[in-house]
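Examination of the molecular architecture
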Amino acid sequence: MPPVLLLLMLSGAIASLGQAMSREEKRRLRSQVVEMFDHAYQNYMDHAYPADELMPLTCRGRVRGLEPSRGDVDDALGKFSLTLIDTLDTLVLLNKTTEFEDAVRRVLSDVRLDNDIVVSVFETNIRVLGGLLGGHSMAVMLKDAGQHMQWYQDELLHMAKDIGLRLLPAFNTSSGLPYPRVNLKYGVRGPETRTGTETETCTACAGTMILEFAALSRFTGDPVFEAHARRAMDFLWEKRQRNSNLVGTTINIHNGEWVRRDSGVGAGIDSYYEYLLKAYILLGDDLFLQRFNIHYESIMKYISQPPLLLDVHIHKPLLPARTWMDSLLAFFPGLQVLKGDIRPAIETHEMLYQVTKKHNFLPEAFTTDFRVHWAQHPLRPEFAESTYFLYKATEDPYYLEAGRTILENLNRFARVPCGFAAMKDVRTGSHEDRMDSFFLAEMFKYLFLLFAESEDLPFDVEDYVFTTEAHLLPLSLSASSYSSFVPSNRTSEEELDDSNYDWTCPDTRLLFPDPSYPRNLREPIRSAVDKSCPRPSPNREPGIGRPPLRAQDFMANNPEHLELLRRMGVSLIHLKDGRVQLVQHATQAVSAVAAEDGVRFMQEMMELSSQQQKEQLPPRAVQIVSHPFFGRVVLTAGPAQFGTDLSKSSTGVRGFVTVAEPYSGCTAITNPKDVQGHIALLQRGQCMFAEKARHIQMAGAIGGIVIDDNEGSSSDTAPLFQMAGDGRSTEDITLPLLFLFHKEGNILLEALKEHKEVEVLLSDKAKDRGVNVQEVEEDCLTEATTPVPFDPAAYEQTSTVQFDRTVSHDVTPSTETSPVEDSGPSEPDADTTLPEEEEDEEAEQVEGVEEKTDTNSDVREEPEGNTDSSNPSVDELLADWREDLEAFQQMEMDEL
């Protein structure tokens, strides 16, 4: 079959029952996108360049090695002015040709690619190589037009080949899969540079090279790049699970064994599927489309549960691998549009839109009943990407309104004086000192295109394919046939049969003869999301609405209690040390309802264990509301276990800050006139927190903020800090007291130093700037039990709780969960670690405890910043707990 080139944009449009947006309103929103881009780009150039990224809260550049390490996420930084390179083709798309020409000159004169630094192969490929190739494509286009870049002689392409050659040593493996990291100067050198020792990589990391490497080969005529990228793609295809036709999340780069066997369309796999389809679009090789079609059929059979997309095990694709979704899967509706499968794209996008409206941004992960699982949001563009593609496919103005929502939320909640800051917690509105390069490379491209008319664009975007970083590669590259210099692995492709798939783009007018069809798809999903928060309790038989036995009532020597345990599939084992151990096997319960009650009983036992420590409070927010901040800077603060409970205040406490004298607050305040009616700033140390609070309260303060004296401490790297009392009654303390780490405290002190008068709002979560924000019930923002039917035939749970037989509620926290089978290698047991109580100032420092569980491993508490305070759900107990932490780390490594 001859290759047929898919169009990027589906033809046709459908009518909508919604009100069409006027051209004037689209123009206004388009102008707003440009203004927002200017705000972000100019602040990067003014305050950060030539650093890789902007730190928008402290108005400086992030230079690797000079800032505290953030782990794998820093592997994207190579001291090569990452944000500038990543933004090149965005400048052209937004009609900023003068700025583009200046940016290219800066890249050519200032950027070095031979730094002795270890970088991510994946990130460097999509951001740096992709950015240089996109910039080269734009430079050639402008030069051919005859008005700009007449001096250009392929300099960006030469730099692209340079960085491509520096990435090639990573492919020196027996499988052809690249090492995840490479040293820009020395290649894959050894353990001293963290290269050459890794044994595994993510599927997306190895399978997201073909567009950039093939484009580099075809631009330069050197086949080596495309050959290596094709070899990696071929190897991944050969290693797919042949029964399910799915791929795992991480793979051993030497022997090709799957290390993590969970499969989805989000973090760790996402852009592998994207590049299969787009490689066909760009290169015209039908082999890639055949492979994509076969994968896609399995995705829709096993992973897609409209509107949800849930990970499964590649060997057991009917068995869910988790009960939550990560935000990176938001790209998938856009890919479905390119595929021509519009209905599930509409359904999944609508679910994502409703979650966005509920939390202002897509949380980094959220549960199947749409509650926050991981609260961060690093200004990811994937939802905007899918919104743009759906609008192009349908021309439904509904998607313009979705774009407007994205714009408004960015301006209201993420905009700060020096750019746009990532959200550290979508529940509180607190910020992280971070603005990733992909925000400029992708977000503003898709938003501008969403509101643009064809005459607003300097070129026809349908002549280009978007990489996963939204860089523009010309479709004309398909004319450079690979067959003359790149061998392709077609030895087993005869077995492929994709005859059931269309090879042409569908006409949406034929797909949707009824104008109300898209709306009819969206309505049930909107209702489902709305009803899930708060989710009504399911109707159950009388007397079975809750477990028949509560954990706090259980007595190990009560025969009636033991019989109730037996009916729930819970058995009791007497240990030699005098304790007893509870073990639950769901399949041994007398019924599915009893099995579910048993799971809940074990859940309560685990909670009783955790309650041996003092209850952990959620983080609070210090929001700077005065000029020139206007509420745009939000600092994450630790709560006190005494004083005003800000979670019970709808308005918080607002006032101007002043430094107390003495700064320690450990003796009577000597500047009471300054402190009266103000929020006092204090330094940690020398006395109890409660004593500081009493002194500023006596001086007339309306609140207090304690700033850590440990230089360099930050909420970015340290666990949440809670301030405890002084061992006696603290009922006399009536003002709120919050704790800021040194970094966040310095931001506040520098603001006071520069602006003299600084007004802040102390609250449980950030408020909108001067606007009454509709409050969402607190438990709507936290994770709750997932409404998934319980099937004991599909699962077997072995939950273990150990406790002293003489004390009914004193539970030793050692709880184990595991499915009957496990697709990954078993790991040794690890002891459960609980938060330790800090004796210094009688404070409690809530430690984020690593969560790592496989077969027969312990359930652990998740880090405070990543989880909600609600109880673990039934499905969480059934899921593979180990994958929560690993998946989050993988997301950071993949595309943060």
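Up top is the structure these notes are about.
Read on for an overview of the structure.

Notes on the overall build of the protein chain
- Check the secondary structure of the protein chain and you find 24 helices and 35 strands.
- A buried classification covers 63% of the 896 residues belonging to the protein chain.

Topic: the sheet that holds strand β30 (residues 759-763)
- Pairing is mixed across the open sheet formed by 7 strands, whose spatial order is β24-β23-β30-β25-β26-β27-β29. The sheet terminates laterally at β24 (633-637) and β29 (737-740), the two strands that pair on one side only. Adjacent strand axes in the sheet meet at a mean angle of 35 degrees, parallel and antiparallel pairs treated alike.
- Pairing geometry for strand β27 (residues 703-707) and β29, over 4 bridges, is parallel. Each bridged residue has a counterpart across the sheet, and for G704 the counterpart in β29 is L737.

Points about the pattern of salt bridges
- Overall, the coordinates contain 49 salt bridges when judged by the stated rule.
- Here D645 makes a salt bridge to R620, at a shortest N to O gap of 3.4 Å. One end of the pair, D645, is in the loop between β24 and β25 (653-659); the other, R620, is in strand β23 (residues 620-624), and 25 residues separate them in sequence.
- D645 sits in the partly exposed class, given a relative accessible area of 31%.
- One salt-bridge network, in which partners are shared between bridges, spans E53, R70, D74, E123 and R127.

Some thoughts on the environment of A76
- Within the fold, A76 resides in the loop between β2 (60-62) and α2 (82-93).
- Of the residues examined, A76 reaches a relative accessible area of 5% and is grouped as buried.
- In sequence terms A76 and S120 are 44 residues apart; their C-alpha atoms lie 5.7 Å from each other.
- When residues no more than four places from it in sequence are discounted, the contact partners of A76 are L82, E123 and R127.

A word on the nonpolar core
- Counting residues in hydrophobic clusters, the biggest one holds 174 residues, and the most contacted among them are F100, L410 and F420.
- The biggest single contributor to this core is helix α4 (residues 121-145), with 11 residues.
- L410 has contacts with M36, F361, L379, R415, F420, F439, M443 and L447, leaving out every residue within four places of it along the chain.
- The next biggest cluster of nonpolar side chains, apart from the first, holds 25 residues, and it includes A637, L646, V657 and L748.

What about helix α5 (residues 155-167)?
- In a regular helix each residue adds 1.5 Å, so 13 residues correspond to 18 Å; α5 covers 19 Å between its end C-alpha atoms and thus fits that length.
- The complete set of buried residues in α5 reads L156, L157, M159, A160, I163, G164 and L167. Summarising the axial view, the buried residues of α5 lie within an arc of 155 degrees, below the 170-degree limit, and thus occupy one face.
- Buried residues along α5 sit against α2, α3 (97-110), α4, β4 (181-183), α7 (210-220) and α8 (224-238).

Observations concerning the state of the cysteines
- Under the defined criterion, the tally for this structure stands at 3 disulfides.
- With a sulfur-sulfur separation of 2.1 Å, C666 is cross-linked through a disulfide to C687. As the torsion about the S-S bond is roughly -85 degrees, the C666-C687 disulfide counts as left-handed. Note that C666 is positioned in the loop between β25 and α20 (672-675) and C687 in the loop between β26 (679-683) and α21 (689-698), a separation of 21 residues in sequence.

Quick word on unusual backbone geometry
- Residue P628 is reached from H627 by a cis peptide bond, and omega for that bond is 5 degrees.
- Mapped onto the fold, P628 is located in the loop between β23 and β24.
- The linkage connecting E661 with the following residue, P662, adopts the cis geometry, with an omega of 0 degrees.
- Within the secondary structure, P662 sits in the loop between β25 and α20.
- Non-glycine residue N95 carries a positive phi angle of around 65 degrees.
- Judged by its relative accessible area of 40%, N95 is partly exposed.
- Phi is positive for N245, which is not a glycine, with a value near 55 degrees.
- Relative to the elements of secondary structure, N245 occurs in the loop between α8 and β6 (250-252).

Points about the sheet that holds strand β13 (residues 365-367)
- Here 3 strands make up an open sheet; going across it, the order is β12-β13-β14 and the pairing antiparallel. The outermost strands of the open sheet, each flanked by one partner alone, are β12 (324-326) and β14 (372-374). Within this sheet the neighbouring strands show an average axis-to-axis angle of 30 degrees, counted without direction.
- Bridging between β12 and β13 involves 3 bridges; their strand directions are antiparallel. Within the sheet, the bridge partner assigned to M325 lies in β13 and is F366.

Scoring rules and cut-offs
Residues numbered from 1 in each chain as written. Predicted model: local features only at pLDDT ≥ 70, side-chain atom pairs only at ≥ 80, totals over all residues. Heavy atoms only, no water. Helix = DSSP H or I, 4+ residues; strand = E, 2+ residues; numbered from the N terminus. Buried < 20%, exposed > 50% of the residue type's maximum accessible area, 1.4 Å probe, protein only. Pairing = 2+ DSSP bridges. Axes fitted to C-alpha atoms, helices over the stretch in contact; angles between N-to-C directions. Salt bridge = Lys/Arg side-chain N within 4 Å of Asp/Glu carboxyl O. Contact = heavy atoms within 4.5 Å. Core = buried A, V, L, I, M, F, W, Y, C linked by side-chain atoms within 4.5 Å. Expected span 1.5 Å × (residues − 1). Arc of directions from axis to C-beta. Disulfide = S-S within 2.5 Å.

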